[in-house]
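Listed below are the residues making up each chain.
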Amino acid sequence: MLFKSRRNLVILLAIAVVAVAALLWTGPGQADHLQGSTYSTTPGGYGAWWQWMEKAGTPVQRWRKPGDKLTTLSSPATLLKINPRSILNFSPYDDGGSINPSESEWLAQGNRLVYLGRWAELTDAPFTQTLVTDQGPIRIQGRRRSPQQEGKILADKYGTLIWRQRQGKGEIIWVVPPFLAANAFQDEPANFALLQSLLTEGHNPLWVDEYLHGYKDAETLQQEGVESVWAYLQNTPLLLIFLQSLVVVTLLAIFGNRRFGQPQTPPSLASNNNQAYINALAQVLEKGDRPQFVVQQLLQAESPSLERRLGNLPAAQAKEAMAGLLTNLSHPDKLPKNERDLRVWLKQWQQLQAQLPPSS
């Protein structure tokens, strides 16, 4: 039985737990990895907006380095960060909860940051709402609003959605809705235009942070030491395929080789020395191509018995016919000279024996 052994049951349950854990670990991570990325065509991605910006003549370059490398950019510059996951950040209004010290230092040098996905409190606002802006009516989804009053850019009666904050010589544009210009809103051109206007205020070169979504350039990959197969699998859906294949192969190996059953001793074969000797002798004679020797040995062994059986025939005419056939088969000129003749001769010999009565 499959579960007769308690140990086998534990092993199977452990494999099942590993498989489920792999699905839970990799599945949601990959979906979250695509949210807010300009490489993504999912509803939460920004691929359509990125192409729209190019067609509008304001292309955005992709930044694929960590925040401490921002100082390598020519100043002033404007960086767009789209972070849908920051909604879980419960330090709502201190800058340290959203940007790191190196990014804060970069901003203070006169650069700009447009941050989509700023944490804010839940309000009684309807989940979907249309607001009027200078770019036209935009559609907002989400009930979070900030009580921020200073530097407001866009607000409604429930609170502030977009506001401006000075950071040294630079500034941060905080945007609460993380999906302001996501692919899901590509039929709302005002949404795209509003984000464009926020970015182009300073007339700076435009960049979008893709490092935040797991995309890294070759130099960064080399520096972080993740140019291994395993690290590549961890950042792609291939990891899930690899783990599933590993589980399937493990199960096939267990069921195919052990089948969770008790080991069985193979039956011992009874040896037959006579048969083994006959088989060995037959192989030697076949390789030696000596059919006449085979016939001579067979006649020497069987002729006395056949002669006695001929004597038991009731009719003299039949006895004479059978004796003639025996003489014909044993004549030297009739002996086979090759394997084909040997087969014909043996067939005639069997027919002769079948027609004679048994030996008394």
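Fair warning: this is a prediction, and the values are worked out from it, not measured in the lab. (Residues numbered from 1 in each chain as written. Predicted model: local features only at pLDDT ≥ 70, side-chain atom pairs only at ≥ 80, totals over all residues. Heavy atoms only, no water.)

Side note on the sheet that holds strand E10 (residues 170–175)
- Strand order in the open sheet formed by 7 strands is E1-E11-E2-E3-E10-E9-E8, with mixed pairing between adjacent strands. Looking at the sheet topology across the chains shown, the edges are occupied by strand E1 (61–63) and strand E8 (152–156). Neighbour-to-neighbour, the strand axes of the sheet open up by a mean angle of 20°, direction not taken into account.
- Here strand E3 (residues 112–116) pairs with E10 via 5 bridges, running parallel. (Pairing = 2+ DSSP bridges. Helix = DSSP H or I, 4+ residues; strand = E, 2+ residues; numbered from the N terminus. Axes fitted to C-alpha atoms, helices over the stretch in contact; angles between N-to-C directions.)

Regarding the pairing of strand E2 (residues 78–82)
- Of all the 5 residues making up E2, 5 are buried; the element is thus mostly covered by neighbouring parts of the structure.
- Residues Thr78, Leu80 and Ile82 of E2 are buried on one face, and the alternating residues Leu79 and Lys81, pointing to the opposite face, are buried as well.
- Pairing of E2 with E3 involves 5 bridges; the strand directions are parallel. Paired with Lys81 across the two strands is Tyr115, which belongs to E3.
- Bridging between E2 and strand E11 (residues 206–209) involves 3 bridges; their strand directions are parallel. Across the sheet, residue Thr78 finds its bridge partner in E11, namely Leu206. (Buried < 20%, exposed > 50% of the residue type's maximum accessible area, 1.4 Å probe, protein only.)

Notes on a nonpolar patch on the surface
- A cluster of nonpolar residues, Tyr277, Leu281 and Val284, forms a patch on the protein surface that exposes about 320 Å² of accessible area.
- You can see Val284 is positioned in helix H8 (residues 273–288). (Patch = residues over 30% accessible without salt bridge, like charges linked within 9 Å, V, L, I, M, F, W, Y side chains within 5 Å. Areas by Shrake-Rupley, 256 points an atom, 1.4 Å probe, with all protein chains shown as cover. Salt bridge = Lys/Arg side-chain N within 4 Å of Asp/Glu carboxyl O.)

Quick look at the nonpolar core
- Counting 30 residues, the largest nonpolar core has Tyr46, Trp49, Leu80, Leu116, Leu180 and Leu195 as its most contacted members.
- Contributions of two or more residues to this core are made by helix H2 (47–55), E2, E3, strand E6 (136–141), strand E9 (159–167), E10, helix H4 (189–199) and E11.
- A total of 6 residues in this core trace back to one element, the largest contributor, which is H4.
- Trp49 has contacts with Val60, Leu80, Ala181, Asn183, Phe192, Leu195, Gln196 and Leu199, leaving out every residue within four places of it along the chain.
- Core analysis: the next-biggest nonpolar cluster, separate from the first, contains 16 residues, Leu107, Leu113, Tyr115 and Ile172 among them. (Core = buried A, V, L, I, M, F, W, Y, C linked by side-chain atoms within 4.5 Å. Contact = heavy atoms within 4.5 Å.)

Re the pairing of E8
- The pairing of E8 with E9 spans 4 bridges and is antiparallel. Bridge pairing in E9 places Ala155 opposite Thr160.
- As consecutive antiparallel partners, E8 and E9 are separated by 2 residues.

Quick notes on the pattern of salt bridges
- For the coordinates displayed, the defined rule picks out 11 salt bridges.
- Linking Lys81 and Asp209 is a salt bridge whose minimum nitrogen-to-oxygen distance equals 2.8 Å. Here Lys81, found in strand E2, pairs with Asp209, found in strand E11; they are 128 residues apart in sequence, far enough to count as distant. Taken individually, Lys81 and Asp209 each receive the classification buried, so the pair is uniform in this respect.
- Residue Arg166 pairs with Glu171 through a salt bridge whose shortest N-O separation is 3.8 Å.
- Overlapping salt bridges, with partners in common, bring together Arg112, Arg164, Arg166, Glu171 and Glu201 in one network.

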